[in-house]
Amino acid sequence: MPPPEFTIAPVAPAGPGLALVGVGPGDPELLTVAAVRAIAAADLVAYPVAREGGEGMAAAIAAPWITPSQRRLPLLFPMTEAVEPRRLAWRAAADSLAAAVAEGLAVVLLCEGDVSLFATSSYVLLALRRFHPACPVRLVPGISAVAAAAAAASWPLALQREALMIRPTPEQPADLEALLDQAAAAGVVLALLKLGARWGWVRPLLERRGLLEQALFARRVGWPDQRIASAASVAGGEAPYFALLLIRQGWPAVLPED
Ligand SMILES: C[S@@+](CC[C@H](N)C(=O)[O-])C[C@H]1O[C@@H](n2cnc3c(N)ncnc32)[C@H](O)[C@@H]1O
C-alpha cells in the first residue's frame, strides 16, 4: 500500500490572539512550518530588543518571513541582573501584547531558539497569565541552539540511558568541577549555555581534566559567522554571549562496531 499522502493544512486565517513563536537559533531555514505560518497570519509582529532602536536577534532571524505590510512592535528587555527593570519590562510587554489582542489583532512575539528554554517569552507568558489571564496565547516551539549545534557537528546529544543536562555555565570554577564529576559518574551529557567571558577560565579547567578534545564549542550557530569546533581549537578569549559547550565524558558500552 502506498504511504498516505502528506498534505499541509492551509494557512490559519488571521484572528485575534497571541502566538509566542520560536524562530530557531539563527538560520531563517530553521523556523518550523508552524512558525512561518503563525508569522504570515500576524497583523502585528512583536520582538525583543535589548536597547531602544536595536534590531533584535529574533526579528533578524525571522526577517525573510515578515512582510513590509505587517506592523512591528519592538519590546524593550534590558540586559540587566537588576530585578525591578526586568519585572517592569515583562509587565510592560504583557500589557502591550494584551492590548493589541484586545484590539482584535493577530499578534506574534518572536523568540530566539525555543520559546520555553531560557526564554524571555516564558516571563512574558507568566506575566500574561497573572495580569491578563483572558488573553488567548499559544506557543509554537522552535529549534534550540543546543539541538542546532549538535546537528551542525553531527554530534549525538544523548544515547540509551544517558541524560542530557542543559544549563547555564556555572559562575565559579569549583561549581563546574563538581558538575563535571557528577556528570561523569551519572552518564550525563552537559550542554552549557551563556558561556561568554567564562570561557577564559573554563578552557584551562577543561584542559586540566583532559576534556578539551571531546568538548564541542558552538558560537553563533546558524549565522553566517557560525563557529562549530572542538573546544581544543578555540583560543581562550573567543566566546561571545551566543556560544555554548557540549561536553560528553564517555560513551555507552554498546555502539555500532568499527
Ligand atoms: C537566553 S538563552 C536562549 C536559549 C534559546 N531560547 C534556545 O532555545 O536555544 C541564550 C544562550 O543560548 C545559547 N545560544 C542561543 N543561540 C545561540 C546560537 N545561535 N549559537 C550558540 N549559542 C546560542 C548561548 O549559550 C546563549 O548564551
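These lines cover the structure that appears in this document, whether it is placed above or below. Just so it is clear, the model here is predicted, and its values are computed rather than measured.

### Section: the sheet that holds strand β2 (residues 44–49)
No. 1: Overall, parallel pairing links the five strands, which are arranged β3-β2-β4-β1-β5 in an open sheet. The open sheet has two free edges, formed respectively by β3 (71–76) and β5 (137–140), since each of these has just one partner strand. Within this sheet the neighbouring strands show an average axis-to-axis angle of 25 degrees, counted without direction.
No. 2: Sheet topology places β2 next to strand β4 (residues 106–111); three bridges connect them, and they run parallel. Opposite A46, over in β4, you have L109 as the bridge partner.
No. 3: Against the sheet, helix α1 (residues 33–40) engages β1 (17–22), β4 and β5, with an angle of about 140 degrees to β1.
No. 4: Relative to the sheet, helix α4 (residues 120–131) contacts β1, β4 and β5, its axis offset from that of β5 by approximately 165 degrees.

### Thoughts on the sheet that holds strand β6 (residues 163–168)
No. 1: Reading across from one edge, β6-β7-β10-β8-β9 is the order of the five strands in this open sheet, with mixed pairing throughout. Every interior strand has two partners, whereas the edge strands, β6 and β9 (227–230), have only one. With direction set aside, neighbouring strand axes in the sheet form an average angle of 15 degrees.
No. 2: As defined by bridge partners, strand β8 (residues 215–219) adjoins strand β10 (residues 243–247) across five bridges and the pair is classed as antiparallel. Note that in β10 the partner of R219 across the bridge is A243.
No. 3: The sheet strands contacting helix α5 (residues 145–152) are β6, β7 (188–193), β8, β9 and β10, and the helix crosses β10 at an angle near 65 degrees.
No. 4: The sheet strands contacting helix α7 (residues 199–208) are β8 and β10, and the helix crosses β10 at an angle near 20 degrees.

### Some remarks on the pattern of salt bridges
No. 1: Taken as a whole and judged by the stated rule, the model has eight salt bridges.
No. 2: E171 is the partner of R198 in a salt bridge, and the nearest nitrogen-oxygen pair spans 3.1 Å. In this pair, R198 sits in the loop between β7 and α7 while E171 sits in the loop between β6 and α6 (173–186), placing the two residues 27 residues apart along the sequence.
No. 3: Here R203 and E207 are joined by a salt bridge, their closest N and O atoms 3.6 Å apart. Placement of both R203 and E207 in helix α7 is noted, with a separation of four residues, approximately one turn of the helix.
No. 4: Residue classification places R203 among the buried positions, given a relative accessible area of 16%.

Cut-off values and rules
- Residues numbered from 1 in each chain as written.
- Predicted model: local features only at pLDDT ≥ 70, side-chain atom pairs only at ≥ 80, totals over all residues.
- Heavy atoms only, no water.
- Pairing = 2+ DSSP bridges.
- Helix = DSSP H or I, 4+ residues; strand = E, 2+ residues; numbered from the N terminus.
- Axes fitted to C-alpha atoms, helices over the stretch in contact; angles between N-to-C directions.
- Contact = heavy atoms within 4.5 Å.
- Salt bridge = Lys/Arg side-chain N within 4 Å of Asp/Glu carboxyl O.
- Buried < 20%, exposed > 50% of the residue type's maximum accessible area, 1.4 Å probe, protein only.

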